[in-house]
Structure formats: structure tokens, C-alpha cells
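Chain by chain, the residues:
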Amino acid sequence: MLLQSYFFVIELPIFIIDEMSKSKIDIAKSWQNLLEQEFQSAYFQELQKFLTADKKKFNIYPSENEIFAAFDAVPFEKVKVVILGQDPYHGARQANGLSFSVRKGMAVPPSLKNIFKELHNDLGIPVPSHGDLSKWASQGVFLLNAVLTVRESRPRSHQEQGWEHFTDNVIRILSKHRHGLIFLLWGRHARRKQELINTEDHFVLQAPHPSPFSAYKGFFGCRHFSETNKILRNLGEKPIDWQIGE
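These notes cover the structure that comes with them. This one's a predicted model, so the numbers in the text were calculated from it and none came from an experiment.

About the thresholds
The residue numbers shown here count from 1 along each chain, following its written sequence. Per-residue local features are limited, in this predicted model, to residues with pLDDT of at least 70; the limit for side-chain atom pairs, both in listing and counting, is 80 or more; totals at the level of whole chains, interfaces and linings are taken over all residues. Hydrogen atoms and water are omitted, and side-chain values are computed over all heavy atoms in the structure. Per-residue accessibility, obtained with a 1.4 Å probe over protein chains only, is compared with the maximum for each type, and a residue is labelled buried under 20%, exposed over 50%, and partly exposed between these values. Working definition: helices are DSSP H or I runs of at least four residues, strands are E runs of at least two. Numbering for both runs from the N terminus. Strand pairing is assigned whenever DSSP identifies at least 2 bridges connecting the two strands. Points on a 1 Å grid, built from protein atoms alone, make a cavity when a 1.4 Å probe fits but cannot get out and make a pocket when they are open with protein on both sides within 12 Å along at least 5 of 7 lines; residues with an atom within 4 Å of a point are the lining residues. Grid points are joined across faces, edges and corners, and a volume is the space filled by probe spheres set on the points. When residues are grouped by polarity, Ala, Val, Leu, Ile, Met, Phe, Trp, Tyr, Cys and Pro land in nonpolar, Asp, Glu, Lys and Arg in charged, and all others, Gly among them, in polar.

**A look at the pairing of strand β5 (residues 182–186)**
In step 1: β5 sits mainly inside the fold: five of its five residues count as buried.
In step 2: Here β5 shows no split at all, with I182, L184 and W186 on one side and F183 and L185 on the other all buried.
In step 3: As defined by bridge partners, strand β2 (residues 81–85) adjoins β5 across three bridges and the pair is classed as parallel. In the strand pairing of β5, V82 is matched with F183.
In step 4: In this sheet, strand β6 (residues 203–207) lies alongside β5 in parallel orientation, the contact comprising five bridges.

Okay, structure coming up:
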């Protein structure tokens, strides 16, 4: 279920704060109690004010009911693997709320092409014809961007507005309340998040970003997909089927 429920009590749009109902924000039930304090915090209220104003002037991606799609796709207790991205794709209809993922019918972005190339080299999986990673999410791969919204055609335009505070706390919560998770940190921005993770209780795999600018500096050949499945098997968990189909 996407975030049909992420509306305030009187069905106002997602970014509009109603003074009588703003204390109740509802996302996927398994995340709700863990994140309620975040939604009620001063920084999140300021973030909503920023988004409300920005939405009047720009197209904002992803769509309102997909902003928290990563949370709806993977219940808290089902998270097995965390893949961190930066911010959503900024082209029309690209972003679907999952890091690195695009909706079917859209061209596969360069970084995702390189992810698929490494996947093929690592596990022999055929390169898919689309970039919708929903199948990964359905198996417990939490595809989290550090920033959950962006202006059309303006990458990184919603950085430093509060999203990083929110998603850093999400990582802290996962680290504290779950055990044996596998964090795939690709690129300098993602690798900085290691300080939020209890590395004695979780597994952290690092590599350069899959961007064409850095993929040849160590992302290609990192074999994170087979390594992730090896760890899962050793934990007695079902490995991820990394094929996403046609």
C-alpha cells in the first residue's frame, strides 16, 4: 500500500498543516510509532512549511503518495538490506520513491545501468529492460534516499531542509532496534552514514558510487550482491532474488 494514509485527518494535501490535526501523521503502520516523534518535531514542521511553499512554485518529485514509498514497501520488521541513495530523480515521471529506482516505461538512468552491469558480472543475471526495483523492496531491500523530495530539473534542490535529519534518524532507529542488517553504502555521501550504524551489530559493505564518474574506481567488481546473499545465508535468512523481471 502506498501512502494513501499519509494524509491528515481531514484529507488535506500532504504538505498542508492543519492546526487541529497536525499531531497525527500516519505512514505504514510498522513505522508509525517509531517515527511519530520525528513527525511532531520542530525541524519536521519547518520542513513541511518549506515544502508547502516550494510546491506552489515548482513541480516536486516524487508524487505526494510516493514520497514515503520505501517505508510502505518494506515493513520495519521485514528490512534485511538497506541501500542508500542521495535524492530522487528530478525528471518528470522518473522517481517512484525508491532509491535508484524509476517507474517502468522510463529510460534507465546511468547509475542504475551500472548497478545492473555489476549485478550481471557478479551473478550472471541478465540486464533488465526497465528500472523499477519494487521487486527488491518486496523482499526486504529498503531503498532509502537521504533526501525524499526534489524540484523538477534541479538536483539536490531540497538538501539541507530537514530531510537529512529525518533519514539519519531512520538509520539510527534501524541500527538500534534491528540486528544483522546489511547496509550497502555506495559513494562518499552514503559512506558517511556508517557513523550512524552499530557496526558490531550490523554488516556494512562500502564501494564507490555507481555513477559513470566513479563506477570504474571500485564499484565494478565490488560483488556486493553475491556478498549480501552470502551473509543472508549465513544468518539463516532467505537470499535476495536480484532479478527484477521484464
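From this point, the narrative continues.
**With respect to the layout of surface pockets**
Unfilled space is identified by rolling a water-sized probe across the atoms.
In step 1: Counted as a void, the largest pocket has a volume near 790 Å³.
In step 2: The wall of the largest pocket is formed by 32 residues, among which Q86, S111, R156, H209 and S211 lie closest to the centre.
In step 3: Looking at the lining of the largest pocket, the elements that each hand over two or more residues are α4 (110–123) and α7 (188–191).
In step 4: Looking at the lining of the largest pocket residue by residue, the classes come out as ten nonpolar, 16 polar and six charged.
In step 5: Approximately 170 Å³ is the volume found for the second largest pocket.
In step 6: Lining of the second largest pocket is provided by 18 residues; of these, K78, V79, K80, R178 and E237 occupy positions nearest its centre.
In step 7: When its residues are assigned to classes, the lining of the second largest pocket shows eight nonpolar, five polar and five charged.

Treat this as a map of the structure, not an account of what it does.
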